[in-house]
Structures are given as structure tokens and as C-alpha cells.
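For reference, the chains in residue letters:
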Amino acid sequence: MPLTVLAALGRFVLDASGFAGRLALFTLNGISHLVRPPYYGRMFGRALIEIGYFSLPVVALTAVFTGMVLALQSYTGFARFSAEGAIANLVVLSVTRELGPVLAGLMVAGRVGAAMAAEIGTMRVTDQIDALATLSTNPMKYLVTPRLLAAAIALPLLVAIADIIGVLGGFIIATAKLGFNPNTYLANTLAFLQTMDVVSGLVKAAVFGFLIALMGCFFGYNSRGGAEGVGTATTAAVVSASVLILAFDYVLTEMFFAR
Amino acid sequence: MSAAVPMIRLRGLTKAFGDKQVLAGIDLDIAAGTSLVVIGGSGSGKSVLIKCILGLITPDAGTIEIGGVALGGLSGKALAAVRARVGMLFQNAALFDSLPVWENVAFGLLARHQITRRAARETAIEILAQVGLGADVAPLFPAELSGGMQKRVGLARAIAARPEILFFDEPTTGLDPIMGAVIDGLIVDCVKRLGSTAIAITHDMASARRIGDRAAMLHGGRIVWQGRAADLMASGNPLVDQFTHGRREGPIQMEVRR
């Protein structure tokens, strides 16, 4: 019995090590093509529009409702010890530092990460990736690198917009429902906001964007076994990207704000 | 190219996936300008053989030479230069879903920066005409085409860069007999027009006789017979005879799991 457990543990460690190694090589290979021409500007532009522009509605909706809920929840809590004046501060800091990048990242992981894994996975199982190689085109350079770069650029742009919309959501609830003076609310919002609050959120967004694209491309690129394999790859891409977003959120928060 | 140097030379090619030995020492010479048909049962390693020659799968051992250039150890630009001499028609055409037909056909030309996009579109329409498709097909997407049309577009893509070597993976699979004959006719025309060396893998005996000058049978990871394609149905080799006549009884035992 102990031998069976040890054997299972050994297999798990070997599998995990192999997976980590394959992922690390895939990542390095994808990044290395950023500095090795030729470049596929058309693929980059297409990915940028797909990730950035078409994710805008879902990210905007998430941000506005998050801002609204934050204002409402913090009001009911802060009113218990007469600290309602801190609502504007709480909303803007929560949105810019944490909720903007994390929620946008999770929404984009569900929308774009899944689409990337499904598209590249389908290309894998239908020999389209092999066809690229036979047509003098490096599949990593053509399919993966433009997506990694586009996601790392698009997500900070999305989060910058989400920050504004999230704060606007809080502003709407605070002024229309809770009776705050609009000018005072805005003044409080800006008074305590520091450049680092926004920058840290945007850096997080860039990292999350890279992770989302990396997971989508990695699982799609390595999918096997027809439609079922593509489905498995899609699920794995979304789940792993979501977990990594939360894990890296902690790591980056430690880096930026730990004392 | 010297007549003594075959266009493709394989020596001792082996490849295993886990415990399964798919290629167990392939030795094969294909002379320039020859059309070779490789036949063999499902899972006999025909596709693996082609993918090894194309550099898509790395063999465990053995050597592959294309036009006298050894493929082993080639990467990057050197491998791309060899692949630029090759065209491939995949089993299910493997057209790029997200690109229109004309861009699929001209993909290799555009990838090698040999041509502007406007010229590429015009060239693609000319090549489509060579496989019997009109200019009206050029702006369509692969999902809008029938299986036979997709195969034609795949063939157009394979010949667009006028390759020295053409590979065909099950070119008639999934097509009705008439469309299969049409595709075979187009393949023969294209190969003759370009003067290319061709390798086709197929289960379809009628297709094999139409496409090939020569034929080889792959069984148990080895080439068990080579000869003229015209002799396929009367080779005198019991393995080939059983396969070409589709007999249940004979030296080939199909793996059937219950």
C-alpha cells in the first residue's frame, strides 16, 4: 500500500515537472519571437481588436456594476461608524488597485482565453498548424506571439477604461441614491488617489493579459484527440488562467504594496 | 540535380510512440520526377512517414535527404528553405478557416514575401483556374465550400509556389468516386505540368493506380513491397494481394479489440 502511494506521488511529480518544463519552453519560445523577424502585424492587429475592442462591453458592464455595488455596500458598512466620507476613496482604490484588473482579467479569460484555446486547438486537430509549417511559416511566430503581445497591451487599455467606468458606477449610486454632493464626491475620489494606485493596476492587467493568452495558446497548441480534446483544452485554459490571475494578483500586490 | 541522387532518400528511419513501433527501419529512394504511391492499412504509419519527411515529426533514428540535403539537425531558415521546395495536400485539406480562399492559396507566397497582396490575389485566381475553380470562389471562406472544392483549394495551395516535391495525404478520402477521379486527374496534371516528384499515401486502389508511376506498401513499420503502380493488383506479394483485393483472410491480421 505505501509503495502504491509513493508510486502515485512519483508519477504526479514527474507529470507536474514535465508540464512545467513544457510550459516554460513554450513561454520562452513565444517571447523569443518578439525580437526575431518576420513579424505578423496583421495577426497582431486582429488579436488586438478581438481582445480589446470586442471585450469592451463585457468589461464595461462588469466595472459599472462593481462600482455601484461597492458604493452601496461600503455605505451600509461605513454608516455604522459615521465614515461615509471614505466611500469615494474606497471605491476608487478598490477599483484601480484590485477589482478593475482582476475582474476584467477573469472576464477576458472566460471570453478570449477560451476562444484562443478553441481556435488554436481546432487548428491543431485539423492539421492547420502542420499546414502552416509546410508553408514556410513558424506557427509559434504566427499564432502565439502576436496573441501574447496583443493581450499584454489590450488588457491595460481595457482596465484603464474599466477604472473610469467603475468609479462612474460608484459616483452614480453615491449621488443619485445616497445623496452625496457630486463635486465633493469627485474631490474625495481624486484627493487620495496616487499614481501608483493606477499604475499597479495597469501592470497587473498587462501580466494578466499575458497569462490569459499564454494559457489559451498553450492548451490549444497542445490539444489532442479531436473535438473532445479541444473542449478539454478550452476548459483547462480558462480554469488555469483564472487561478493564475488570482495567484499573480497576490504576488504583484506583495511586490507593489507590502511593507 | 544528378540523376544518381534521388530526390528523396530515406535510410533506417524509425519512429515509436510509447510502446508502439510505427516505423521500424524504412529504406526508400524516390527518383526525381517520379510519382510514388504508398499504400498500407490504417495506422500502418503512412502519415507518420510523410510527416517525418516534412520535418513535422522528428524520427527516433535514421536519415532523410531531400535533393541531397540531410534534414537531420536542420532548423530555422535552413529547414524553411527545404520546406519551400515542398507542397502538401492534407487529408482534410487543412485550409485556414479564418482566411478567404484566395489568401489560403497564396499563403505560402505571402509568407515568403515574394508578392504583394494585390498580386497574390491575382495569382491565386490563376492557380484556382488550374484546379477548375472560378474567380467567384476566391473571396469565399473554406466553410462555404463542399469537400471536393476544399480539396481543390488545398491542391491549389500546394502547387502555388511551384514546388519540386508534392505530398498528397489520402487525396480522395471522403469524396464520391467521380469527384475522387477528378481530384486524381488534377493531381496528375499538376505533377506533370510542374515536373515535380510526388508522394501520395492512400487506401484507394483506383486512386493509387491513377496517380502513381510506382508504388510501395508499408506494413509492420517496413516497406514490404515496391514496384510499378500498374502491377499493384497482381504483385505476387501475399501482403499486397490481400490488401489490394480487400481479403479478410491472409497474412495481415487486423487488430480488433472487443
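On a predicted model such as this, the values are computed, not experimentally measured, just so you know.

All right, on to the overall build of chain B then. The helix and strand tally for chain B stands at nine helices and ten strands. For chain B, the spread of C-alpha atoms along the principal axes amounts to about 55 × 40 × 40 Å. Buried positions account for 45% of the 258 residues belonging to chain B. Counting contacts in chain B only where the partners sit at least 6 residues apart, residues at least 24 apart contribute 63% of the total.

Moving on, we get to the overall build of chain A. Secondary structure summary: chain A contains nine helices and zero strands in total. Reading the helices (α) and strands (β) of chain A from amino to carboxyl end gives α-α-α-α-α-α-α-α-α. For chain A, the C-alpha atoms occupy an extent of roughly 65 × 55 × 35 Å along the three principal directions. Here chain A holds 259 residues, and 44% of them are scored as buried. Within chain A, counting contacts between residues at least 6 apart in sequence, those at least 24 apart form 87% of the total.

Residues and elements named next belong to chain B. On average, chain B scores 88 in pLDDT, and the residues at 70 or more come to 96%. Across chain B, the secondary-structure element scoring lowest on mean pLDDT is helix α2 (residues 76-83), at 80, and the one scoring highest is helix α3 (residues 101-105), at 96. Across the whole predicted complex the pTM is 0.89, and at the interface the ipTM reaches 0.87.

One open sheet holds the four strands; their spatial order is β2-β1-β4-β5 (chain B), and the pairing between them is antiparallel. The open sheet has two free edges, formed respectively by β2 (20-30) and β5 (69-70) of chain B, since each of these has just one partner strand.

On to the packing of helix α3 (residues 56-78) of chain A against helix α4 (residues 87-125) of chain A. Residues and elements named next belong to chain A. For the pair α3 and α4, interaxial distance at closest approach is 9 Å and the crossing angle is 145°. Crossing geometry of α3 relative to α4 is assigned as right-handed. For the pair α3 and α4, contact is made by Val58, Val59, Thr62, Ala63, Thr66, Gly67, Leu70, Ala71, Ser74, Tyr75 and Phe78 and by Ile87, Leu90, Val91, Ser94, Val95, Leu99, Gly100, Leu103, Ala104, Met107, Val108 and Arg111, respectively. Split by residue class, the contact of α3 with α4 holds 16 nonpolar, six polar and one charged.

Residues and elements named next belong to chain A. Relative to the elements of secondary structure, proline 146 occurs in helix α6 (residues 139-176). Its 24 C-beta neighbours within 10 Å are what place proline 146 among the buried residues. Taking the C-alpha atoms as reference points, proline 146 and leucine 34, separated by 112 residues in sequence, lie 8.4 Å from one another. Setting aside chain neighbours within four positions, we find proline 146 in contact with Tyr40, Met43, Phe44 and Ala47.

All names here are of chain B. Taken in spatial order, the six strands line up as β6-β7-β8-β3-β9-β10 in an open sheet, and their pairing is mixed. Only two strands of the sheet have a single neighbouring strand rather than two, namely β6 (86-89) and β10 (222-228). Averaged over all pairs of adjacent strands, the angle between their axes in this sheet comes to 15°, without regard to strand direction. Direction of pairing for β6 relative to strand β7 (residues 165-169): parallel, over a ladder of four bridges. Looking across to β7, one finds that glycine 87 is bridged to leucine 166.

Right, let's get into unusual backbone geometry. Outside of glycine, negative phi angles account for most residues, and trans bonds account for most peptide bonds. Residue A:Pro37 is joined to A:Pro38 through a cis peptide bond whose omega torsion reads 5°. Along the polypeptide, A:Pro38 turns up in the loop between α1 (2-32) and α2 (41-53). The phi dihedral of A:Ser82 falls on the positive side, at around 50°, and the residue is not glycine. Residue placement: A:Ser82 occurs in the loop between α3 and α4. Owing to 7 C-beta atoms within 10 Å, A:Ser82 belongs among the exposed residues under this scheme. Phi is positive for B:Ala94, close to 55°, though the residue is something other than glycine. Looking at the secondary structure, you find B:Ala94 in the loop between β6 and α3.

Counting residues in hydrophobic clusters, the biggest one holds 148 residues, and the most contacted among them are A:Ala151, A:Leu155, A:Ile212, B:Val105 and B:Leu128. Examining the composition of this core, we find that 18 residues originate from one element, α4(A), more than from any other. Beyond its immediate sequence surroundings of up to four residues, A:Ala151 is in contact with A:Ile51, A:Gly209, A:Phe210, A:Ile212 and A:Ala213.

With that settled, consider helix α9 (residues 226-257) of chain A. All names here are of chain A. In a regular helix each residue adds 1.5 Å, so 32 residues correspond to 46 Å; α9 covers 46 Å between its end C-alpha atoms and thus fits that length. If you check which residues of α9 are buried, you get Val230, Ala233, Thr234, Ala237, Val238, Ser240, Ala241 and Ile245. Looking at the buried residues of α9, the elements they touch are α4 and α8 (195-221).

This next bit is on the interface of chain B and chain A. How big an interface is tends to be reported as the loss of accessible area on association of its parts. Facing 15 residues of chain B, the contacting portion of chain A comprises ten residues. Of all the elements in the fold, those that place two or more residues in the side of chain B that touches chain A are α2, β6 and α4 (107-111) of chain B. Residue contributions to the side of chain B that touches chain A peak at three residues, all from α4(B). Classifying every residue of the side of chain B that touches chain A by side-chain character gives eleven nonpolar, two polar and two charged.

The subject of this paragraph is the environment of B:Gly227. Residues and elements named next belong to chain B. Inspection of the secondary structure puts glycine 227 in strand β10. Measuring from C-alpha to C-alpha, the distance between glycine 227 and isoleucine 57 comes to 27 Å, with 170 residues separating the pair along the chain. Setting aside anything within four residues of it in sequence, one finds glycine 227 in contact with Arg214, Ala215 and Ser235.

Quick look at the packing of α4(A) against α9(A) now. All names here are of chain A. Following both chains from N to C, one finds α4 and α9 inclined at 150°, their axes separated by 8 Å at the closest point. Considering the angle they form, α4 stands roughly antiparallel to α9. At the point where α4 passes α9, the crossing takes the right-handed sense. Of the residues in the contact of α4 with α9, the class split is 14 nonpolar, nine polar and one charged.

Residues and elements named next belong to chain A. Checked against the element boundaries, phenylalanine 12 lands in helix α1. Accessibility expressed as a C-beta count within 10 Å gives 10 for phenylalanine 12, which makes it exposed. With 106 residues separating them in the primary sequence, phenylalanine 12 and alanine 118 have C-alpha atoms 27 Å apart.

The rules behind these values
- Residues numbered from 1 in each chain as written.
- Chains lettered and ligands numbered in written order.
- Predicted model: local features only at pLDDT ≥ 70, side-chain atom pairs only at ≥ 80, totals over all residues.
- Helix = DSSP H or I, 4+ residues; strand = E, 2+ residues; numbered from the N terminus.
- Buried ≥ 20, exposed ≤ 12 C-beta atoms within 10 Å, placed from the backbone.
- Contact = placed C-beta atoms within 7 Å.
- pLDDT = per-residue confidence, 0-100.
- Pairing = 2+ DSSP bridges.
- Axes fitted to C-alpha atoms, helices over the stretch in contact; angles between N-to-C directions.
- Left-handed = near helix turned anticlockwise from the far one by under 90°.
- Nonpolar A, V, L, I, M, F, W, Y, C, P; charged D, E, K, R; others polar.
- Core = buried A, V, L, I, M, F, W, Y, C linked by C-beta atoms within 7 Å.
- Expected span 1.5 Å × (residues − 1).
- Parallel < 35°, antiparallel > 145°, perpendicular 65-115°, else oblique.

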